[in-house]
Amino acid sequence: MENLTIIISIVLAVIFLLFSIVIVNQKQAKIIQRLGKFQSVRRAGISLRIPIIDQVVGVQNLQIQELRVPVETITQDKVTLKIEVAIQYLIKADLDSIKNSFYELADSTAQIESFVFDAVRAEVPKMELDMVYENKDNIANTVMQGLNSLLSNYGFDIKKTLVVDILPDAKVVDAMNAINEQKRLRQAAEEKGEAEKILIIKAAEAEKESKRLQGEGVALQQMAVLKGREKAIKDLTVGTNMEIKDATELVMKLIDQDTLISMGEKNQNVVFMNSGIGVKGKIMEAMAGADIISNQQKN
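Residues numbered from 1 in each chain as written. Predicted model: local features only at pLDDT ≥ 70, side-chain atom pairs only at ≥ 80, totals over all residues. Heavy atoms only, no water.

J.: Summarise the overall build of the protein chain; cite the residues concerned and give the values.
T.: Broken down by element type, the protein chain carries eight helices and eight strands. Looking at the protein chain as a whole, 23% of its 299 residues are labelled buried. Across the protein chain, the fraction of contacts at a sequence separation of at least 24, relative to all contacts at a separation of at least 6, is 63%. In the structure as shown, the protein chain presents an accessible area of about 20,900 Å², 56% of it carried by carbon and sulfur atoms. (Helix = DSSP H or I, 4+ residues; strand = E, 2+ residues; numbered from the N terminus. Buried < 20%, exposed > 50% of the residue type's maximum accessible area, 1.4 Å probe, protein only. Contact = heavy atoms within 4.5 Å. Areas by Shrake-Rupley, 256 points an atom, 1.4 Å probe, with all protein chains shown as cover.)

J.: I'd like a description of helix H5 (residues 136-151), backed by residues and values.
T.: For H5, spanning 16 residues, the distance from its first C-alpha to its last is 22 Å, which sits close to the expected 22 Å at 1.5 Å a residue. Summarising the contacts, the buried residues of H5 are in contact with strand E7 (80-91), helix H3 (108-123), helix H4 (129-134) and strand E8 (156-168). (Expected span 1.5 Å × (residues − 1).)

J.: Please set out the confidence of the model for the protein chain residue by residue, giving values where relevant.
T.: For the protein chain, the mean per-residue pLDDT works out to 79, and 73% of the residues sit at or above 70. Averaged pLDDT values for the elements of the protein chain fall to 46 in helix H8 (residues 277-298) and rise to 94 in strand E2 (residues 28-34). Confidence drops under pLDDT 50 across residues 276-280; counting only partners more than four residues distant or on other chains, this segment forms two contacts. This model gives residues 286-299 a pLDDT under 50, and the stretch forms 12 contacts once residues within four places in sequence are excluded. (pLDDT = per-residue confidence, 0-100.)

J.: Run through the packing of aromatic side chains, naming residues and quoting values.
T.: Enumeration over the complete set of coordinates arrives at three aromatic pairs. Centroid distance Phe38 to Tyr103: 5.9 Å. Interplanar angle 85 degrees. Geometry classified as edge-to-face. Within this pair, whereas Phe38 is found in strand E3 (residues 37-42), its partner Tyr103 is found in helix H2 (residues 95-103), the two being separated by 65 residues in sequence. On the accessibility criterion, Phe38 (25% relative accessible area) is partly exposed. Their ring planes at 50 degrees and their centres at 5.9 Å tell us that Tyr89 and Phe156 sit as a pair that is tilted. Of this pair, Tyr89 sits in strand E7 while Phe156 sits in strand E8, and the two are 67 residues apart along the sequence. By relative accessible area, Tyr89 is classed as buried at 7%. Overall, the relative accessible area of 3% leaves Phe156 in the buried class. One aromatic cluster in this structure is built from Phe38, Phe102 and Tyr103. (Phe/Tyr/Trp six-rings, centres within 6.5 Å; stacked < 30°, edge-to-face > 60°.)

J.: Which residues make up the sheet that holds E3, and what values go with them?
T.: Taking strand neighbours across the sheet as the criterion, the three strands line up as E3-E2-E5 in an open arrangement whose pairing is antiparallel. Looking at which strands have only one partner, the edges of the open sheet turn out to be E3 and strand E5 (54-61). Neighbouring strand axes in the sheet, compared pairwise and without regard to direction, differ in orientation by 25 degrees on average. One ladder, built from seven bridges, connects E2 with E5; its direction is antiparallel. Bridge pairing in E5 links Gln28 to Asn61. (Pairing = 2+ DSSP bridges. Axes fitted to C-alpha atoms, helices over the stretch in contact; angles between N-to-C directions.)

J.: Could you give an account of the sheet that holds strand E6 (residues 65-74), naming the residues involved and the relevant values?
T.: Judged by pairing direction, the sheet is antiparallel, and its three strands sit side by side in the order E6-E7-E8 without closing on themselves. Edge positions in the sheet fall to E6 and E8, since each of these pairs with one other strand and no more. For this sheet, the mean angle separating the axes of adjacent strands, direction not counted, is 20 degrees. Bridge count for E7 against E8 is 11 bridges, and the pairing is antiparallel. Its bridge partner being in E8, Leu90 is matched across the sheet by Asp157. Against the sheet, H5 makes contact with E7 and E8, and its axis sits at roughly 145 degrees relative to E8, the strand it touches most.

Okay, here's the thing in structure tokens:
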């Protein structure tokens, strides 16, 4: 009987000890009440309490938490849209903050959501749809500043607020996509037109350069011909004591003769008409003059 009493005492002592132990995980805090009244905050580690008298009534998470709040609102240009706002916050680790965050706010999540609804619906109706996209950071900052002002006295610290999504009505999205598509098509057409314009300009520049080079070639050719004629006239005047006028006329006749022969060789259907006896005689004289020059050059 005595042994049984000892065993029972040991078991009761173990149970009492087990119920007396309070284990708190890292980045957590447990709220202890004694007979219904706040008694203490237990932080990470192990501690003891009086069983039954001391009770763990709450566990506060001290990590950074995120709450996503979807808000449906309307813009200044009467476009209905849904905006999703992400709130990143934490409970400060000091004793008063942990205590106030637990006792002062009955439902902190619901109260944060209510404020976000109010802040977003106060800002977005002042803007047109395009401005909402452009000013989403301003909307997020407005919500963040308001939440910090509201909740800092209750132990909350708002770390960051983000507008993570803006979803207009499906018909509006389709219309926006159509507008963007038309813009891209117009830009593509403009780019194509510019490319074609550049090609035309380049082609015109190439043609201009080609004609310039061709003209320079013709000019050089004509210059060579003139120099050849000048040399022939000089040779005639020196070799035959002809007057410059007669030598010039003779050279021109020889050039005409070469031209006629070339035309006859290229087209055998050409018929040449003699314009007078004087022409033949002059040609014969030119040929005789040419023989004289040739003989003098040989000697």
